[in-house]
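A look at the structure
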Amino acid sequence: MQEISREYYLAHSGHKSTAELQPIYARHAAILGPDALAMVLEAFRASSQGSEEQRSTRLLLDWLAESQSARELAPVDERQIAWEASAVVRVSDTKAIPYEAVAIEIANNTDRAERHAIEAARASLVARELAPLRKERFERERDITEQLGLASSYNATFELVSGIDLDGLKAECEQFLQDTNDMWRDVVPEFTKRVLGMDPSQVIRADALALFRARDFDAYFPPERMESSIRRQVTEMGIDPLASGRITLDTSDREGKRSRAFCSPVRVPDEVYLVLRPHGGQVDWTTFLHELGHALHFAYMRPELAMEYRWLGDNSVTEGYAMLFDHLMEDAGWLTRYTSLDAARARTFLRSVGFSELHYLRRYSAKLIYEIELYAGRMRWDSLPDLYVEQLTSATTFRYNRADAFVDVDPHFYAARYLRAWQLQALLTETLVERFDADWWRNPRAGPWIVEMLFGEGQRELGHEQAQRVAQKPLSFAPLVRAVERMLG
Ligand SMILES: [Zn+2]
């Protein structure tokens, strides 16, 4: 794990031109092979219900089961990476855009007709070349996982090894979409008209990219204040933002640095890197807060925790801490203290944040409902694109394209981890407000509590277990709905 993590860190931060992962996997082949899986499965089945051994072997089983399909699918994944790096979208005889740049190009384009033309060209290329590759990938992943014989189906296998109740979460998502429907319909026209000059009946997914790219507030999030402001806030909360040197912040521009920010835990908890390539504006602040939540979690895990509790586990937890920090951008008091927004502008800003939050919650709810069908095997592969378009379009208003039915999918139900993280974050925020007041983020007693009660535990607990321990409540969408209503109200 350390060797792989270091390799990714060096390659993605621009210190090395490529990640050489195959030699590492070859050197340690026995760890991830079928014999290791069989051994862990035997230990898991022999462990008693609710025991520490069952908790620990379930995490190892999750990791090893996923490794079996990951190893077999590596050539397909490599083909996809190579395709993405070289594909070109031909919009017209004179205009061609590299596939990797197309989302940014659409988001930055203020001309609706041009945006739609680029999108049409992108979708037809994806339908021809990328979608078949991705479809093959998901078909094979389902077959390989079902052949492991851990449970009766792909979805049942996921529930067994993750400890997550998929049908329960799906029912919550359906209820959430229904409960927020009126609020969503009320607010959509205001934003599509003001930001895009379009009626909700005309908007497609490409317009959503442009809408959420809006830079109206960037001036209030100056790049030169970002790192110092956020470090000051974490210090005021009673946490050393660098964890006595265990965290290294790498936020300067460098050739070869990946454009998406990331956190690399090379040795947990002793050596953690937060890498960000600045783009400017509010997105950088949100991203930095998110990755700092991950970095602090890794750097403050108790070193004596077993390997599986530091490296594996339910990512709903670490994503929950990352969101606990990035959702500070939804707190009016935090915004006026640490950014350049004043109280009046913070209110306008929060209205647009509330709209965006509701959009992404509805999108992820619809994605999970769809992805459960994709893996369930109840529908023919060829009828999935219609379901995808219907689910995503009705949840978000933006018209989706059939071409993306196998492309816009997070493998292994990562959408479920995000949705649970969202719920956990909202519950943790409410708990922190109850214990340490509305400005918990500058209360010097709050940080030590977070380190002791949350970060220190690593990822030993499942997200819903932690919610019960810390807040004595189940995970739910209720506190998220309250937060969105507050911002839009
Ligand atoms: Zn994250």
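Attention here is on the structure that accompanies the text. None of these values were measured; they are calculated from a predicted model.

This next bit is on the overall build of the protein chain. What the protein chain contains, in helices and strands, is 22 helices and five strands. For 489 residues, the compact-globule estimate of 2.2 N^0.38 gives 23 Å, and the protein chain sits close to it at 22 Å. Structurally, the protein chain occupies a C-alpha span of about 60 × 55 × 45 Å along its principal axes. In the protein chain, buried positions account for 54% of the 489 residues. By element, 50% of the accessible surface of the protein chain is carried by carbon and sulfur atoms, the whole surface being about 21,300 Å². Taken together, the 59 basic and 75 acidic charged side chains of the protein chain have centroids lying 2 Å from each other.

As a further point, take the packing of aromatic side chains. By convention here, two paired aromatic rings are described through the distance between centres and the angle between planes. Per the stated rule, a full pass over the model turns up 25 aromatic pairs. Where Tyr364 meets Tyr418, the ring centres are 5.8 Å apart and the plane angle is 75°; that geometry is what we call edge-to-face. Remark: Tyr418 occurs in helix H19 (residues 414–436) and Tyr364 occurs in helix H17 (residues 343–376); sequence separation between them is 54 residues. Judged by relative accessible area, Tyr364 falls into the buried class, the value being 15%. Classification of Tyr418 by relative accessible area gives partly exposed; the value is 23%. Across from the ring centre of Tyr300, 5.2 Å away, lies the NZ or CZ of Arg246, which sits over that ring. Directly above the ring of Tyr309 sits Arg460, whose terminal nitrogen or CZ lies 6.0 Å from the centroid.

Let us now look at unusual backbone geometry. Across the junction of Val268 and Pro269, the peptide omega takes the value 5°, indicating a cis bond. Along the chain, Pro269 falls in the loop between strand S4 (262–267) and strand S5 (271–275). Although it is not a glycine, Ala243 sits at a positive phi angle of roughly 50°. Mapped onto the elements, Ala243 comes out in the loop between helix H12 (223–236) and strand S3 (247–250). The exposure class assigned to Ala243 is buried, which follows from its relative accessible area of 0%. Even without being a glycine, Asp437 presents a positive backbone phi close to 80°. Within the secondary structure layout, Asp437 lies in the loop between H19 and helix H20 (446–453). Take Asp437: its relative accessible area is 46%, and that puts it in the partly exposed class.

Time to look at the coordination of the zinc ion. Protein coordination of the zinc ion is provided by His290 (NE2), His294 (NE2) and Glu319 (OE), with donor distances spanning 2.1 to 2.2 Å. Along the chain, the residues donating to the zinc ion fall in the pattern H-x3-H-x24-E. In this pair, His290 is assigned in helix H13 (residues 282–299) and Glu319 in helix H15 (residues 315–326), connecting sequence segments 29 residues apart. Here the two residues His290 and Glu319 agree in accessibility, since each one is buried.

Read across the open sheet, the three strands follow the order S3-S5-S4; overall the sheet is mixed. The outermost strands of the open sheet, each flanked by one partner alone, are S3 and S4. Averaged over all neighbouring strand pairs, the angle between strand axes comes to 15°, with direction disregarded. The sheet contact formed by S3 and S5 spans four bridges and is parallel. Across the sheet, the residue bridging to Leu249 is Leu274, located in S5.

Before going further, it helps to examine H13. Here H13 spans 26 Å end to end across 18 residues, near enough to the 26 Å set by a 1.5 Å rise per residue. For H13, the tally of buried residues reaches 15 of 18 residues, placing the bulk of the element in the interior.

This paragraph deals with the side chain of Ser365. Considering the arrangement of structural elements, one finds Ser365 in helix H17. Residue classification places Ser365 among the buried residues on the basis of a relative accessible area of 0%.

Pairs of packed helices are described in terms of their axes, by the angle between the two and the distance that separates them. Across the interface, H12 lies against H13 with an axial gap of 11 Å and an inter-helix angle of 45°. Regarding the angle of H12 to H13, the classification is oblique. As H12 runs across H13, the sense of the crossing is right-handed. Here Arg225, Met226, Glu227, Ser229, Ile230 and Val234 of H12 come into contact with H13, specifically with Asp284, Trp285, Phe288, Leu289, Leu292 and Leu296. Taken together, the residues that form the contact of H12 with H13 break down as eight nonpolar, one polar and three charged.

Thresholds applied
Residues numbered from 1 in each chain as written. Predicted model: local features only at pLDDT ≥ 70, side-chain atom pairs only at ≥ 80, totals over all residues. Heavy atoms only, no water. Helix = DSSP H or I, 4+ residues; strand = E, 2+ residues; numbered from the N terminus. Rg over C-alpha atoms; globule rule 2.2 N^0.38 Å. Buried < 20%, exposed > 50% of the residue type's maximum accessible area, 1.4 Å probe, protein only. Areas by Shrake-Rupley, 256 points an atom, 1.4 Å probe, with all protein chains shown as cover. Lys, Arg positive; Asp, Glu negative; His and termini not counted. Charge placed at Lys NZ, Arg CZ, Asp CG, Glu CD. Phe/Tyr/Trp six-rings, centres within 6.5 Å; stacked < 30°, edge-to-face > 60°. Lys NZ or Arg CZ within 6 Å of the ring centre and 35° of its normal. Donors = N, O, S within 2.8 Å, 3.2 Å for Na, K, Ca; no water. Pairing = 2+ DSSP bridges. Axes fitted to C-alpha atoms, helices over the stretch in contact; angles between N-to-C directions. Expected span 1.5 Å × (residues − 1). Parallel < 35°, antiparallel > 145°, perpendicular 65-115°, else oblique. Left-handed = near helix turned anticlockwise from the far one by under 90°. Contact = heavy atoms within 4.5 Å. Nonpolar A, V, L, I, M, F, W, Y, C, P; charged D, E, K, R; others polar.

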